[in-house]
Amino acid sequence: MDRSRRVLIIGCGYVGEALARRLSSSGHTVFGLRRSAPDARADLPYAPLVGDLTQPGFWSQLSGPFDWVVNCVSSSRGGPAEYRQVYLEGNRHLLIWLRRHPVDAFAYTSSTSVYGQTDGSWVDETAPTQPGTETGQCLVETEQLLLSAAREQEVPARILRVAGIYGPGRGHLFHQFLNGEARLQDQGQRFLNMIHRDDVASALEAALERGRSGEVYNASDLEPVTQRDFLQWLADQTGRPLPPPAEPGTGPVRKRGVTHKRVSVAKLRQETHWSPRFPTFREGYAEALAALRSS
Ligand SMILES: NC(=O)c1ccc[n+]([C@@H]2O[C@H](COP(=O)([O-])OP(=O)(O)OC[C@H]3O[C@@H](n4cnc5c(N)ncnc54)[C@H](OP(=O)(O)O)[C@@H]3O)[C@@H](O)[C@H]2O)c1
């Protein structure tokens, strides 16, 4: 590490806390914002701040300075109205604050759900972003807001388009499989793009340290896998049967569920030298499967 930095993580949840742990163990001073006060007894890797980024009153009380700011709040699975409030309006407030309190780097976690492709093609950062959902469209608008601020050289913003996050306690399809609730959708031919929580944290650090302002970087692991191959691998690992096909016309329509694409991370790797600790789901789920076997 070249020097110790003061870092503000807005939305210190699943990813934010992992990033805080990583940065504080490297000697940085980390502040983490959440809506709710953390458990006072918790051993936190950051100094906790409590507030709501969508409220102007919060920003008038926030004092810096910070070298790096990361916005990784989530809408907590909300609908279009929550997306607009948390992502678009939240970043609007943040930009106003950042113009008055300059930082060296600002990173925001967008989503690969901005890619609406349904043909199984590889998508890099130059691929069209025409999501078929209102929530995806809101993320595209949020990206445009931040990229325009970066173009005007007002804020050194870089954006990470993050794939489906899994890790300790998380992994939607994995848990559905274990509960016997997984179903093969459309013969399981759709590609899944996943990334381990700790690799999102290291990608954020790489983007802050070595990424460029005004750039977008995909963040996913190195092997998109079809739903069928992933479930077959879980079946082989656990000795359980491959889940049955879904009844036609059933199955939840998830935010990224209607797309079919493979997310390329070549740009993030080339420009920031990011290398995932869990290059594929096999390494990423090894620990959870080992725990399952020994239970
Ligand atoms: N989950 C995925 O698969 C996925 C995929 C692509 C991109 N992403 C993006 O990755 C980022 C990290 O996701 P995550 O899973 O770590 O989210 P998370 O666990 O839900 O954590 C979000 C954090 O944001 C805080 N927060 C929410 N609304 C807030 C507000 N109005 N003001 C202040 N803090 C607020 C929450 O506070 P409390 O703890 O007090 O509730 C929580 O600490 C998000 O930007 C998400 O959109 C996620």
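Our structure's up above, just so we're on the same page.
Remember, it's a predicted structure, so these values are computed and weren't measured experimentally.

**Things to note about the packing of helix α7 (residues 227-238) against helix α10 (residues 286-294)**
No. 1: Two numbers describe how α7 lies on α10: the axes approach to 11 Å, and their chain directions differ by 35°. The hand of the α7/α10 crossing is right-handed. Contacts between α7 and α10 involve W233, L234, Q237 and T238 from the former and L289, L292 and R293 from the latter.
No. 2: Of the residues contributing to the contact of α7 with α10, the split by class is 4 nonpolar, 2 polar and 1 charged.

**Some points on the site of the ligand**
No. 1: The full set close to the ligand counts 25 residues, and S36, V73, S74, T109 and R170 are the nearest of them.
No. 2: Take G13: an N or O atom from its main chain is 3.3 Å from an oxygen atom of the ligand.
No. 3: Isolated, the ligand exposes 920 Å² of accessible area, and the fraction of that covered by the protein chains is 85%.
No. 4: The dominant element in the shell around the ligand, judged by the number of residues it contributes, is strand β5 (residues 105-111), at 3 residues.
No. 5: Taken together, the residues of the shell around the ligand sort by class into 11 nonpolar, 9 polar and 5 charged.

**Observations regarding the side chain of E205**
No. 1: Structurally, the position occupied by E205 is in helix α6 (residues 197-210).
No. 2: Judged by relative accessible area, which is 13%, E205 ranks as buried.
No. 3: The residues contacting E205, other than those within four sequence positions of it, are L19, R22, L23, S26 and H28.

**As for the pattern of salt bridges**
No. 1: Within this structure, the stated rule accounts for 15 salt bridges.
No. 2: A salt bridge links R212 to E271; the nearest nitrogen and oxygen atoms lie 2.8 Å apart. Of this pair, R212 sits in the loop between α6 and β11 (216-219) while E271 sits in helix α8 (residues 266-272), placing them 59 residues apart in sequence.
No. 3: Among the salt bridges present, the one from E215 reaches K267, with a minimum N-O distance of 2.6 Å. Here the residue E215 occupies a position in the loop between α6 and β11, and K267 occupies one in helix α8, the gap between them amounting to 52 residues.
No. 4: A single salt-bridge network, built from bridges that share partners, covers R212, E215, K267 and E271.

**Here's the deal with α7**
No. 1: Taking 1.5 Å per residue as the helical rise, α7 with its 12 residues ought to reach 16 Å, and the 16 Å between its terminal C-alpha atoms agrees with that figure.
No. 2: Buried within α7 are the following residues: Q227, F230, L231, W233, L234 and A235.
No. 3: On its buried side, α7 packs onto α5 (172-178), β9 (191-192), β10 (194-196), β12 (225-226), α9 (281-284) and α10.
No. 4: Taken from the residues just after α7, G239 is the one with a positive phi, measuring 70°.

The rules we used
Residues numbered from 1 in each chain as written. Predicted model: local features only at pLDDT ≥ 70, side-chain atom pairs only at ≥ 80, totals over all residues. Heavy atoms only, no water. Axes fitted to C-alpha atoms, helices over the stretch in contact; angles between N-to-C directions. Helix = DSSP H or I, 4+ residues; strand = E, 2+ residues; numbered from the N terminus. Left-handed = near helix turned anticlockwise from the far one by under 90°. Contact = heavy atoms within 4.5 Å. Nonpolar A, V, L, I, M, F, W, Y, C, P; charged D, E, K, R; others polar. Near = heavy atom within 4 Å. Polar contact = N/O pair within 3.5 Å; in protein donor to acceptor, adjacent residues only side chain to side chain. Areas by Shrake-Rupley, 256 points an atom, 1.4 Å probe, with all protein chains shown as cover. Buried < 20%, exposed > 50% of the residue type's maximum accessible area, 1.4 Å probe, protein only. Salt bridge = Lys/Arg side-chain N within 4 Å of Asp/Glu carboxyl O. Expected span 1.5 Å × (residues − 1).

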